[in-house]
Amino acid sequence: MIRKGQQMRVTRVLQAGVAVAAAVALLSACGGGGNSGNSGSGGDKKLTVGIKFDQPGLGLKTGSGYTGFDVDVATFVAKELGVDAKNINWVEAKSADRESLLKKGDVDLIAATYSITDKRKAEVDFVGPYLVTGQDLLVKAGNTDITGPEAVNGKKLCSVKGSTSADNVKTKFANQVQLQPFDGYSQCLGGLDSGTVDALTTDATILAGLATQHPGKYKLVGKVFSEEKYGIGLKKGDNRKADVAKAVEKFYSSGEWKKAVEKNLGADFKAGEPPALTEK
C-alpha cells in the first residue's frame, strides 16, 4: 500500500521523467543530436582548409588568427562556395603531408604554396595556378658570397622536407651543395642565424615574407632559377573542382588578387600573374 507522501514523491519523479523525455524529443527535432558532412547547426556550411602556419605573407598563424595570401584566396573561395569565414577550420598542411591530408579526407582543400607538378597531379586534383613565382635564395643581410645560384658551390642550403624546392636542389645542384632539409622554415632561419647553413632556398614569395618579418636581418638574393605555379589542391575526383575554379577566376578578375598580393607581399613584389586559372 502506497502512503500519501510516497505517492506524491512518485508523481514528482514521473513528471520529471516526462519533462526529460520531452526535452530530448525537442532537441532531436531541432537537430541537436549532432552534425553530418559539412553542414553545421542552423544549416551553416563548414570547410576544412590546409594552409602553412609558418610562412609570413602566405600562411601564418598568429595567436588564434591566420594571415597571408593563401589565407585570403582560400577565404574568398570558401565564401563563393557558401561558407562564411567563421566556419572555416584551418589545419596546418606541412609540405610532406599535403597529399595524405587530401587523400584521407582530413581537409577539403589545400592552399599552402602548393606547386603544381605532374607527380602531384597523379595523386590529387588542382585548380590554378593562382600565383606564379620562382625559387630564390635567402641569406644573412651581410652575406656577399652568395650572389645567385651560380655561387652556391660547396655551400650548405636549407629547404623544407617534401617541397619542390628541396627536389630542385637535388636536381640542379647535385654533388655541388649540402642540402639540409627541415620540417619548417623557422628551423631553416635558425640554421642561418647559427651559421650551420649558408642560405635558405624556396619560393621567392615565401622568402620575401620571411625577410619582411625580420627587417634588416636577411636579404633576398633576387635571382630566381625555377618556375613555381601555386594551385589549390583537392582530393582526386572532388566534384567541387569546377566551383573552386570559378571562385579563383573571380578572385583574379575582381581585382582582389592584386590587392592580396600588395597587402601580403608588398607593393614592390613582382608576382607572376597566373597564365591560366584552370589546370588541365
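Residues numbered from 1 in each chain as written. Predicted model: local features only at pLDDT ≥ 70, side-chain atom pairs only at ≥ 80, totals over all residues. Heavy atoms only, no water.

(A) Broad picture of the state of the cysteines. In this structure the tally under the stated criterion is one disulfide. Disulfide partner of Cys 158: Cys 188, at an S-S distance of 2.0 Å. One disulfide, between Cys 158 and Cys 188, carries an S-S torsion of -70° and so falls in the left-handed class. One end of the pair, Cys 158, is in strand 9 (residues 156-160); the other, Cys 188, is in helix 6 (residues 185-194), and 30 residues separate them in sequence. (Disulfide = S-S within 2.5 Å. Helix = DSSP H or I, 4+ residues; strand = E, 2+ residues; numbered from the N terminus.)

(B) Broad picture of the packing of aromatic side chains. Summed over the entire model, instances satisfying the criterion amount to nine aromatic pairs. Arranged with centres 5.5 Å apart and planes meeting at 45°, the rings of Phe 53 and Tyr 66 form a pair that is tilted. With Phe 53 in the loop between strand 1 (47-51) and strand 2 (54-55) and Tyr 66 in strand 4 (residues 65-67), this residue pair connects regions lying 13 residues apart in the sequence. The buried category is assigned to Phe 53, whose relative accessible area is 17%. Ring geometry for Phe 69 against Tyr 130: centres 6.1 Å apart, planes inclined by 20°, an arrangement best described as stacked. Pair noted here: Phe 69 is in helix 2 (residues 69-80) and Tyr 130 is in strand 7 (residues 124-133), with a separation of 61 residues, a long-range link. One exposure class covers both Phe 69 and Tyr 130, and it is buried. One aromatic cluster in this structure is built from Phe 69, Phe 76, Tyr 130, Tyr 230 and Phe 251. (Phe/Tyr/Trp six-rings, centres within 6.5 Å; stacked < 30°, edge-to-face > 60°. Buried < 20%, exposed > 50% of the residue type's maximum accessible area, 1.4 Å probe, protein only.)

(C) Fine view of the sheet that holds strand 5 (residues 88-92). Ordered in space as 5-1-6-13-7, the five strands form an open sheet in which the pairing is mixed. Looking at strand neighbours, the two that pair on one side only are strand 5 and strand 7, the edges of this open sheet. Here strand 1 pairs with strand 6 (residues 109-110) via two bridges, running parallel. Considered in strand 6, the bridge of Val 49 is made with Leu 109. (Pairing = 2+ DSSP bridges.)

(D) Layout of the nonpolar core. Within the largest apolar cluster, 51 residues are counted, with the highest numbers of intra-cluster contacts made by Phe 69, Val 77, Tyr 130, Leu 200 and Ile 232. With near-sequence residues (within four places) excluded, Val 77 lies in contact with Leu 109, Ile 232, Val 244, Ala 247 and Val 248. Among the nonpolar cores identified, the runner-up in size contains eleven residues, and Val 152, Leu 157, Val 169 and Phe 173 belong to it. (Core = buried A, V, L, I, M, F, W, Y, C linked by side-chain atoms within 4.5 Å. Contact = heavy atoms within 4.5 Å.)

(E) A look at helix 2. Here helix 2 spans 17 Å end to end across twelve residues, near enough to the 16 Å set by a 1.5 Å rise per residue. All buried positions along helix 2 are accounted for by Phe 69, Asp 70, Val 71, Val 73, Ala 74, Phe 76, Val 77 and Ala 78. Of the residues one or two after helix 2, Gly 82 is the one with positive phi, at around 90°. (Expected span 1.5 Å × (residues − 1).)

(F) Looking closely at the pairing of strand 13 (residues 228-235). Counted residue by residue, strand 13 has six buried out of eight residues, so it is predominantly covered. One ladder, built from two bridges, connects strand 6 with strand 13; its direction is antiparallel. Note on strand 13: the bridge partner recorded for Ile 110 is Gly 233.

(G) Layout of the pattern of salt bridges. The final tally for this structure, using the stated rule, is 15 salt bridges. For the salt bridge of Asp 72 with Lys 263, the shortest nitrogen-to-oxygen distance reads 2.9 Å. With a gap of 191 residues between them, Asp 72 in helix 2 and Lys 263 in helix 9 (residues 256-265) connect regions that are remote in the sequence. Assessed through its relative accessible area of 59%, Lys 263 is described here as exposed. Between Lys 223 and Glu 150 there is a salt bridge; the shortest N-O distance is 3.5 Å. Of this pair, Lys 223 sits in the loop between strand 12 (218-220) and strand 13 while Glu 150 sits in the loop between strand 8 (135-140) and strand 9, and the two are 73 residues apart along the sequence. Looking at Glu 150, the relative accessible area reads 54%, which means it is exposed. Through salt bridges with shared partners, a single network forms among Asp 108, Asp 238 and Arg 240. (Salt bridge = Lys/Arg side-chain N within 4 Å of Asp/Glu carboxyl O.)

(H) Representation of the sheet that holds strand 12. Strand order in the open sheet formed by five strands is 10-9-11-8-12, with mixed pairing between adjacent strands. Looking along the sheet, the strands with just one partner apiece sit at the ends: strand 10 (178-182) and strand 12. Averaged over all adjacent pairs, the angle separating strand axes in this sheet is 30°, with direction ignored. In the sheet, strand 9 pairs with strand 10 via five bridges, with the strands oriented parallel. (Axes fitted to C-alpha atoms, helices over the stretch in contact; angles between N-to-C directions.)

(I) Here's a closer look at the side chain of Gln 55. Considering the arrangement of structural elements, one finds Gln 55 in strand 2. Among the polar contacts made by the side chain of Gln 55, one reaches the side chain of Thr 113 at a distance of 3.4 Å. Excluding its chain neighbours within four sequence positions, the residues that come into contact with Gln 55 are Leu 60, Thr 113, Tyr 185 and Ile 206. (Polar contact = N/O pair within 3.5 Å; in protein donor to acceptor, adjacent residues only side chain to side chain.)

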